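As a plain string of letters, each chain reads:
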Amino acid sequence: MRVSVIVFPGSNCDRDVAVSLKKFSNKSPLMIWHKETSLPDSDLIVLPGGFSYGDYLRCGSMAANSPIMKEVKKSAEKGSSILGICNGFQILTESGLLPGTLIRNQGLSFICKNTSLKVENDKSFFTHNYNKNEIVNIPIAHNEGNYFADENVIKDIEDKNLVAFRYCNKNGDINEETNPNGSLKNIAGIINEKGNVLGMMPHPERATDDITGLNDGEKFFTSIIESIK
Amino acid sequence: MIKIDKELIEEHGINDQEYEFILSSLKREPTITELGIFSAMWSEHCSYKSSKTWLKKLPTKNNKVIQGPGENAGVIDLGDGDAAVFKMESHNHPSFIEPYQGAATGVGGIMRDVFTMGARPVALLNSIRFGDTDHPKTKHLLTGVVSGIGGYGNCMGVPTVGGEVEFNSCYNDNILVNAMCVGIAKIDKIFYSKASGIGNSVVYVGSKTGRDGIHGATMASAEFDDDSDEKRPTVQVGDPFAEKLLLEACLELMTMDIIIAIQDMGAAGLTSSAVEMASKGGVGINLNLDMVPCREKKMSAYEIMLSESQERMLMIIEPDKEQEAKAVFDKWGLDFATIGILTDTNHLVINHNDELKAEIRLDILESGAPSYDRPYKIIKESAFDESLVKETAESPINILKRLINSPNLCSRKWVWEQYDHMVMNDTILRPGGDAAIVRVHGTNKGLAISTDSTPRYCSADPVEGGKQAVAESWRNITSVGALPIAITDCMNFGNPEKEEIMGQFAGVVTGMIEACEILDYPVVSGNVSLYNETNGKGINPTPAIGGVGLIENLNHFSTPHLKRDNDTVLLVGKTDGYLGQSIYAKEILNIISGLPPKVNLKNEKKIGDAIRDLININKLDTVHDISDGGFLVALTEMSISGGIGVKIHLDEKDVSPKFLFGEDQGRYIISVPDELISDILRILESKNIFFQKIGKTSGTKIIINDSEEIEIKSLKKIHEDWFNEYLKG
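Just so it is clear, the model here is predicted, and its values are computed rather than measured.

Trainee: Please clarify how the overall build of chain B should be interpreted in this entry.
Mentor: Each helix and strand counted, chain B has 25 helices and 28 strands in total. The C-alpha radius of gyration computed for chain B amounts to 26 Å, which stays within 12% of the reference 27 Å derived for 729 residues, consistent with globular compactness. The 729 residues of chain B split such that 60% are buried. For chain B, restricting intrachain contacts to residue pairs at least 6 apart in sequence, the fraction spanning at least 24 positions comes to 85%.

Pasting the structure below:
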C-alpha cells in the first residue's frame, strides 16, 4: 500500500488524516511537501483539509496551480486514486479533477458541527463498505462548502450515480432544513466518472475514534484500504 | 531632528516624574526613538506599573509548576515528560476599534506566546464580553469578534474548544476580548527568552515589519473617548497563514539544537522583545535596523522599533548556525535576518541609516520602570435585601423558559459553531460543557480547560468575587474528573488612578490569593488590562481565569449530558437559596443589588475532591456544576445536551425561585445509575457531604412534582433560539 498525503503551506488536517490512515492500515503515509516536483508511485493520494496558501484567493485556487498538482493530475490519469477532503475537495474542483465549485456557505459564516450524511454510492473505491442509503454521522468544518454547478453538470452527476454523500438528518430526510451550507441538492461529496477521484466537504478522519463519540468514518478508511489491497 | 517638547512627552503617556527620571538617567534629552521606547516599555501594558505590587502576592508555585509568571507563558508538568504551556491575554481596545482584526490578532498573539516556548498549540479558548444587547454597536462587535477569533484559529488548525460570552451594559464602550492558548511540549524541550552568549546573533524571523500597530501598547493603556475610532491605524492586521508557517518553521527549528533564546514580538514589538530578552540575560544588545525586513519604504527607527506588525519572532543563535537555521525559514518562505548582536555593554544600542538612534542602559528601562503603590479603597455593596424577593405566581417552568432565553443564559452554540473545535482530532469534550477536554496527542491523558469569571459578583464584592472566579474555574475542571493544576489570569479593570478602581483590583487579587492557596491552584501566567473606561465610566472588574487540569487516564471522565433513563439525580452541596446578584434577580426581578453569594473555600475543596474521586474511582460519568442561573438551569442544560428528561420531586417549600434559581456556590448535580447509587450515597454520607435526592431521569420531559412539565425539545429550541433571533433582528 502506497499512500501519499500532499502537504501545502496552510494544510492543517494533514496529520489528522495520516493518523486515521495509519490506524486502519498500520502504515504511515508519505507526507509530500508542495514544492516537490515529482511524486512517488501512489495507490492513493490525499489532499487534506486546511487553508492552502492561506486561501486568500478563491479557496484551493493557488494550490490547484502548484507544481505538485501537475504530478497529482498525471497520477490520476494513470489511475491512482485521489481523495480530497474539505480544502482538498476545493482544490480538486479548482484543478478540474472534479466538476462544479464550492462557494461561500449560504449563511455566510464558518460552520463546524456534526452532520448526518446519506451514502448514495456504495460501490466506489472509497465507499464500498457502507450500505446504500446508510445514514452516517461525520462532521463538517468550513466556510466555503456550498457545492454549486450548472444544471447539466448536476444532472450528469446524478444520472451516473456519482454523488457519494448528501447532507440529511438522522431520518435520512434530504431537504433545505437538513442542508447546512446551501449546497445544490444537498451534495456533500462526489466521485468522478472513472471512479478514482472523490471530493467531500465532511471530514471522515474526524470520525474514526470512539472516544470522540464519532466513528462512522471507519468504514470510509477500511473501504479505501481494502480497495488498495 | 524632532524636538522633544511637553506635548510630545504627554502624547507618549509619560508623566513629569517619569520624564525627570529619563533625563537624569540619560544625562541628556532622549531622542524621539528613545522616547518611543520608554513610552512603550513603561506603558501599563508592558510595565504593569500599577498592578505589580499586587500581582507579586499571588501564589505561583505548586509541585506541578515548572515555570510561573515572567516568561512568555506558564508551564506545568503533566507527567511522562509532557508539559502544558499556557497563557491568556487581552486584546480589548483593538477589538473595540476593529473587532475582526482586533480579535484575530489577539488569538495570533497568544498562540505565539505558547509556541515560542517550544509547545505546539492544541487548544484555544476565549472570554468575550459585550455591552447591552440593544446597544447600537453590540451586534457589529459580537459578529466581528466571533468571526475574527474563528478566522485566525480555524486557519491555524488549532481547535477553539471553549470560552464564555457575556453581555452587560458596563461593556458598552469597552468590550473585552481575552484569548487563551494551551500548548503541549516535552519538558526537556522548552525554550525560554533569556538571551545569552556575548557575540551571538540576534535574528529576526517571520513577517515583514510595517507601519501597523505603532504604539498599540500605549493605546491599550489609555482610556477611550469619543474619538477612539480615529485610532484605527494603531490596530494590527493579522495573517494567520503567515503564523501557521511561522509555527511550523519554529517547531522544526526547535527540533535542532540551534536556538539559545526566543521570544515573540508582541506588544511594543521589537522594542519589548529585544529589551526583555537582553535584560533577562544580563547582556547588552546592538541592533542595526537597516537589516530589519520592512514592508514599507522609508520607515524610521522609531516606527521600526514600535511597529506591532504580527507574526514575528526574535531569536538568539550562534553565528555559525545561521545558515542551518535560515534554510528552515527559507523552506517555509519566511524572512530570516540577522539584525544585531549581543554585547557586554548592558546597553540597548540602535543604529539606522548609519546614525546612532538610541543608546539606553537596559536597567533603566527594566528595573527603572515605574511602579506605583496606588491608593485604593475596597467598596462593597450592602447586604441583599431579601424582602425585595416577592412571592411569585409565575410557574417555575415559565421562569425557566425566560431565563434560558436570556442573553446570558442561552446556548452559545451560535458562537462556537463558527470555531473549528475538532481539528487535531483530540477534542474529547466539545464546547458547551463545564470544561473542554483535549487529549494529549498520542497518549491516554487529557487536559481539562475552562475560562471563567463572574464580574457582577466582583463588582458587588471584589474580595468575594475574586475568590469565586478562581473557585468556579476549579469547580469546572473538577466536574469533568480532572485534577485542577494551575491558572492563567487576565485582569480587566478600569482606571487604576481612581481609588475605588484600584480597590477593585486589590480586592479581587486578595480574594484570588486566598482561593489559589486553599485550592492549591496557583497562577502561572497572565496579563493585566487597565483603563477599560470610556468617558470616565469603568467596566465591572473582570478577572478572567483560565484553568488547566489533568485527567491521567481518559478511561474515566465525566460530562454534563444525561445518559440513561432511571438514574438517580442528586444535588450535592447545600442550597440556601441565595438570590443576591443572581441572574434571576436581574432578569426576572430587575434587581441588581446586594452582596454576591459567599464562597466557602474549605467546603468547596472537600466537595470537589469527593466529586473527583467519585468520577475516577467509582466511575461516575455524569456531573455538572451549578453556576449562573442556579439549580434548575443547570439541570436543564444536562437534559438538553443528553436528550433525556427528569422527573423532579421536591418538597413543596423548595418549589420556589430561591431554591430553583439561587446561585449558592460549591454545588454539583450528579446523575447516578442504579448499580452505583448505594456506593455513592454511602461515600457522600461518610464524608459528611450534604446532598439531596432530586428525582429520576426518564423520558423526554422535565416534570416538576407531577404537576408541571415541558418537553426537552421545546426547551432546546428556546435555549438555542436567542442568538438566531437576536442577529436576525
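Trainee: Can you walk me through the environment of B:Q468 in this structure?
Mentor: Residues and elements named next belong to chain B. Looking at the element boundaries, Q468 is found in helix α18 (residues 462–479). Looking at Q468, the number of C-beta atoms within 10 Å reads 32, which means it is buried. With 147 residues separating them in the primary sequence, Q468 and I615 have C-alpha atoms 23 Å apart. Not counting the four nearest positions on each side in its chain, Q468 is found in contact with T454, Y457, P596, V599 and Q665.

Trainee: Help me understand the nonpolar core, please; the structure alone is not making it clear to me.
Mentor: Buried together is how nonpolar side chains tend to be arranged in soluble globular proteins. Residues and elements named next belong to chain B. I449 and V470 are the most contacted members of the largest nonpolar core, which has 291 residues in total. Of all the elements, helix α19 (residues 499–519) adds the most residues to this core, at 10 residues. Excluding its chain neighbours within four sequence positions, the residues that come into contact with V470 are I487, M512, A515, C516, L519, Y521 and I545.

Trainee: Could you clarify how one ought to interpret helix α6 (residues 218–228) of chain A in this entry?
Mentor: An α-helix turns once per 3.6 residues; consequently, residues spaced three or four apart project the same way. Considered for burial, the residues of α6(A) that qualify are A:K219, A:F220, A:F221, A:S223 and A:I224. Summarising the contacts, the buried residues of α6(A) are in contact with α1 (14–25) and β3 (44–47) of chain A.

Trainee: How should I be thinking about the interface of chain B and chain A in this particular structure?
Mentor: One widely used convention gives an interface's size as the accessible area the parts lose upon coming together. Facing 23 residues of chain B, the contacting portion of chain A comprises 23 residues. Listing elements by their share of the side of chain B that touches chain A, those giving two or more residues are α8 (138–156), α10 (240–254) and β14 (427–429) of chain B. The biggest single contributor to the side of chain B that touches chain A is α8(B), with five residues. By residue class, the composition of the side of chain B that touches chain A is 11 nonpolar, nine polar and three charged.

Trainee: Which parts of the structure should I look at to understand the packing of helix α15 (residues 396–404) of chain B against helix α22 (residues 631–642) of chain B?
Mentor: When two helices pack together, you describe them by how their axes are tilted relative to each other and by the distance separating the axes. Residues and elements named next belong to chain B. Axis separation between α15 and α22 bottoms out at 10 Å; the angle between their running directions is 75 degrees. In this view, α15 runs roughly perpendicular relative to α22, as classed from their interaxial angle. Mapping the contact onto sequence places P396, L400, L403 and I404 in α15 and L632, V633 and T636 in α22. Classifying every residue of the contact of α15 with α22 gives six nonpolar, one polar and no charged.

Trainee: What am I meant to see in the sheet that holds strand β16 (residues 446–452) of chain B here?
Mentor: Remark on secondary structure: sheet strands pair via backbone hydrogen bonds, oriented parallel or antiparallel. Residues and elements named next belong to chain B. Pairing is mixed in the open sheet, where six strands are placed in the order β14-β15-β16-β21-β17-β18. For this open sheet the edge positions go to β14 and β18 (523–529), each flanked by a neighbour on one side alone. On average, each strand axis in the sheet is tilted by 25 degrees relative to the strand beside it, whichever way the strands run. Across two bridges, the pairing between β14 and strand β15 (residues 436–439) is antiparallel. The residue bridging L429 from the neighbouring strand is I437, located in β15.

Trainee: Where do I start with the pairing of strand β21 (residues 542–551) of chain B in this structure?
Mentor: Regular strands show a simple pattern: their side chains alternate between the two faces of the sheet. When you tally the buried positions in β21(B), you get 10 out of 10 residues, the bulk of the element. Of the two faces of β21(B), the one carrying B:T542, B:A544, B:G546, B:V548 and B:L550 and the one carrying B:P543, B:I545, B:G547, B:G549 and B:I551 are both buried.

Calculation notes
- Residues numbered from 1 in each chain as written.
- Chains lettered and ligands numbered in written order.
- Predicted model: local features only at pLDDT ≥ 70, side-chain atom pairs only at ≥ 80, totals over all residues.
- Helix = DSSP H or I, 4+ residues; strand = E, 2+ residues; numbered from the N terminus.
- Rg over C-alpha atoms; globule rule 2.2 N^0.38 Å.
- Buried ≥ 20, exposed ≤ 12 C-beta atoms within 10 Å, placed from the backbone.
- Contact = placed C-beta atoms within 7 Å.
- Core = buried A, V, L, I, M, F, W, Y, C linked by C-beta atoms within 7 Å.
- Nonpolar A, V, L, I, M, F, W, Y, C, P; charged D, E, K, R; others polar.
- Axes fitted to C-alpha atoms, helices over the stretch in contact; angles between N-to-C directions.
- Parallel < 35°, antiparallel > 145°, perpendicular 65-115°, else oblique.
- Pairing = 2+ DSSP bridges.

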